[in-house]
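Per-entry structural report
Here are the chains, one letter per residue:
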Amino acid sequence: MEPITAPIIDFTSLAPVLVLSVFAMMVLLVDLFIGRNKSVLVFISLVGLLCAAVSAFAKGTEIPVSSFNGAYIVDRLSIFFTMIFCMSSALAILLAVEYNKREGIRVGEYYSLILFCTVGMIVLASATDLIMIFLGIEIVSICLYVLAGIRRTDPKSNEAALKYFLLGAFATGFLLYGMTLLYGTTGSVKLATIAQLLNSGEVLAQPLMLLGVVLLVIGFGFKVAAVPFHMWAPDVYQGAPTPVTAFMAVGPKAAAFAAFYRLFAEGIPELAPTWQMTLSIVAVFSMFFGNLGAIMQTNIKRLLAFSSVSHVGYILIAVIAKDTLGSASLMFYMLSYAFMIFGIFGIIIILGRKGHENLELEHYSGLGFKHPLLALCMTMFMLSLGGMPPLAGFVAKFYIFQAALNEGFLWLVIIAVLNSAISFYYYLKVIVFMYMKEPIGEFKISLTPITLFVVAVGIIGTLELGIFPGPIIFLAQY
Amino acid sequence: MELLIFYPLAAFTVLLALGVVFNNSPIGSAVSLIAMMLGLSGIFIVLHAHFLAVLQIIIYAGAIMVLFMFVIMLLNLKGDDKAWKIRERNLYLSIMTGVMVLLALYKMIDKVLDTTFGEGADVPDTFGTTVAVGTSLFTEYVLPFEIASILLLAAMVGAVVLAKTKVD
């Protein structure tokens, strides 16, 4: 029997994944030898994320490079998203430092799970192969299930983890079935081959393929929490520890969108008329139900969960627009969304103290008089989420709408603008509570330096992307 | 000829899968699950994937199901299902969901019946053998194969974190 010829392995393409996996395992090992103080782990994780971010450029200027028989690609989209992932994971770890100390979460694996999750996200953003996309989604989801339930003594945290796990496993089934049908009708798991086959019209059994696409929409719709697959979002956002909520609102969602975009816009663009219609319906529902749901909420984390559902609606428009402008606007949106979300959750963490998380909106009343600077930051983030110029949220939305208009989706843009107007109702509600209501008790907030630093990063990012979006747009588009 | 083997096997598998869901005792469910795995591996054999069929039996019907049985016996779940609180049934919601699922299924079957299937691809003699599976795992699919190890490691760490008794 002849031996197998060794495959060509492109280590430089894989650099960020390899670096981050090594650091994640290092965190696991070091955790064994240190005591209760986990600061070393935070340091190692941050260094790991920095190294991964740097190594994303290992390919230099020769991008896009496809390797592993077309299963993995390093291009503009994947590098930009890797940057977003590394930054958002670093911010999530920074948010967790003081929160974990305060709430008594002393699990060293916390940091390594965040790193593993980031590995999954990078894989997801660079995968051009159905198997790799599936593996990436699974790595990300499994880490998130555990992170959501990491506060084991808290029933809410347990509920979040269990709910997320059961529904997530169910949705994975849909995703996998969709992929199977796609594979069955084309005979290939590589997106490039599928696109080529579709282009030359050699696909038999088209109806089955369309069924597969619908199942894929369901699976991805669940992973990004789009209506009508969003029911898990409020409970999970509320029950998970706050830094984890911030983390899962940004990184994993961005990763799922990257894969979503790659699969639909690069794998099956020939079927666009079909899936654009389906996705438009999902997008419109997400915007409406997200906003209507958010109006009713009194808990700030649930409010943000519904608001994120409506933001998924806007981001889906970028996927629907699908040309270069679509991908660039997707990147820009996710980056500015990351700054806003981490800023807001930083403030939410600051407002809580041991045993009292102060998550109800009424706990925010009077904040404007006691801590004007914090309230001002919160106001900016809220207005930015709503899409008020000159903040990041406005430019991001504007850019997505432009991409959609280029592709002739005027009606979607009109609905999205109307929804932005609706969303101001509940964003302004938070501001009204902060500035126009009497405080209901004394503020005992925990002003801790690292969390404040995250809020500052968020504010700077929101302003920078809002006022000088030029350089980042150039990077996203070049 | 293959269809003659396939249909009974498929019916057997589906019946046992239903058995997993409708069985009242956990042990009964687990046993039906084992038998269903055997049926599945039979389907793999019909598809010429011999190696996969053997793996299916060794890993699922063997290792994983034995673990299942151990857990069930250790937890002693007998009759525990009465302790579950079931949310009150919402009749309208059930009917609506049922109708929607039926419509979706109808549409799916309608679409599938319309489909003209092409000629099946020729299966090479070596297809599904240990050598063929190993070769494709280590050449064409080497990256997914390695990335899967990260997935397993993360899952293992996660399981330990959630299950360990003492958190310092």
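Sequence order as written defines the numbering, with residues in each chain counted from 1. Written order decides the labels, with chains lettered from A and ligands numbered from 1. With the structure being a predicted model, the display of local features is reserved for residues of pLDDT at least 70 and the display and counting of side-chain atom pairs for 80 or more, all residues being used for whole-chain, interface and lining totals. By convention in this description, side-chain values take in all heavy atoms of the structure and omit both hydrogens and water.

1. Here's the deal with the overall build of chain A
Every helix listed is a DSSP run of H or I at least four residues long, and every strand listed is a run of E at least two residues long, numbered separately from the N terminus. Within chain A, the secondary structure is distributed over 19 helices and two strands. In this setup the radius of gyration rests on C-alpha atoms only. A globule is expected at 2.2 Å times the number of residues raised to 0.38. For 478 residues, the compact-globule formula gives about 23 Å, and the C-alpha radius of gyration of chain A, at 22 Å, lands near that figure. A buried classification covers 66% of the 478 residues belonging to chain A. Contacts are residue-level and defined by heavy atoms, with any inter-residue pair within 4.5 Å sufficient. Once local pairs closer than 6 in sequence are excluded, the contacts in chain A between residues at least 24 apart make up 81%. Counting rule applied: Lys, Arg positive; Asp, Glu negative; His and chain ends not counted. Charge positions come from single atoms, namely NZ of Lys, CZ of Arg, CG of Asp or CD of Glu. Both charge centroids of chain A, one from 25 positive and one from 24 negative side chains, sit 11 Å from each other. For the exposure calls, accessible area comes from a 1.4 Å probe over protein chains only, and a residue counts as buried if that area is under 20% of its type's maximum, exposed if over 50%, partly exposed in between.

2. Quick look at the confidence of the model for chain B
Values of pLDDT, which run from 0 to 100, indicate the predictor's confidence residue by residue. Here chain B averages 84 in pLDDT, while 89% of its residues score no lower than 70. Two numbers describe this predicted complex: its pTM, 0.92, and its ipTM, 0.90.

3. A closer look at the nonpolar core
Residues enter a nonpolar core if they are buried and are Ala, Val, Leu, Ile, Met, Phe, Trp, Tyr or Cys, with the set joined through side-chain atoms within 4.5 Å. Phe81(A), Ile133(A), Phe264(A) and Ile300(A) are the most contacted members of the largest nonpolar core, which totals 204 residues. The contact partners of Phe264(A), leaving out residues within four places of it in the chain, are Val213(A), Leu216(A), Val217(A), Phe220(A), Pro269(A) and Trp275(A).

4. Let's talk about the interface of chain A and chain B
A common way to state how big an interface is: give the accessible area lost once the parts meet. Listed as interface residues are 39 residues of chain A and, on the opposing side, 33 residues of chain B. Throughout, the accessible surface (probe 1.4 Å) given up by two parts as they are put together, summed over both, is called the buried area. Contact between chain A and chain B buries roughly 3200 Å² in total, counting both sides, with carbon and sulfur atoms accounting for 81%. It is Ile4(A), Leu135(A) and Arg152(A) that lose the most area in chain A upon contact with chain B, and together they represent 18% of the buried surface on that side. The partner of Glu109(A) in a salt bridge is Lys164(B), and the shortest N-O contact between them spans 3.7 Å. What qualifies as a polar contact is a pair of N or O atoms within 3.5 Å, subject to a donor-acceptor requirement within protein and to the restriction that residues adjacent in sequence count only when both atoms come from side chains. On inspection of chain A and its partner chain B, the count reaches three residue pairs in polar contact (both at pLDDT 80 or more). Here, a salt bridge means any Lys or Arg side-chain nitrogen found within 4 Å of an Asp or Glu carboxyl oxygen.

5. Regarding helix H10 (residues 242–267) of chain A
Its 26 residues place the ends of H10(A) 36 Å apart at the C-alpha level, agreeing with the 38 Å of an ideal helix rising 1.5 Å per residue. The term bend refers to the angle at a residue between two fitted axes, each drawn through seven residues, those ending there and those starting there. If you look at H10(A), its biggest bend is around 35 degrees, right at Met248(A), and the proline Pro252(A) turns up within four residues after that. Here the expected length of a helix is defined as 1.5 Å per residue gap, with one fewer gap than residues.

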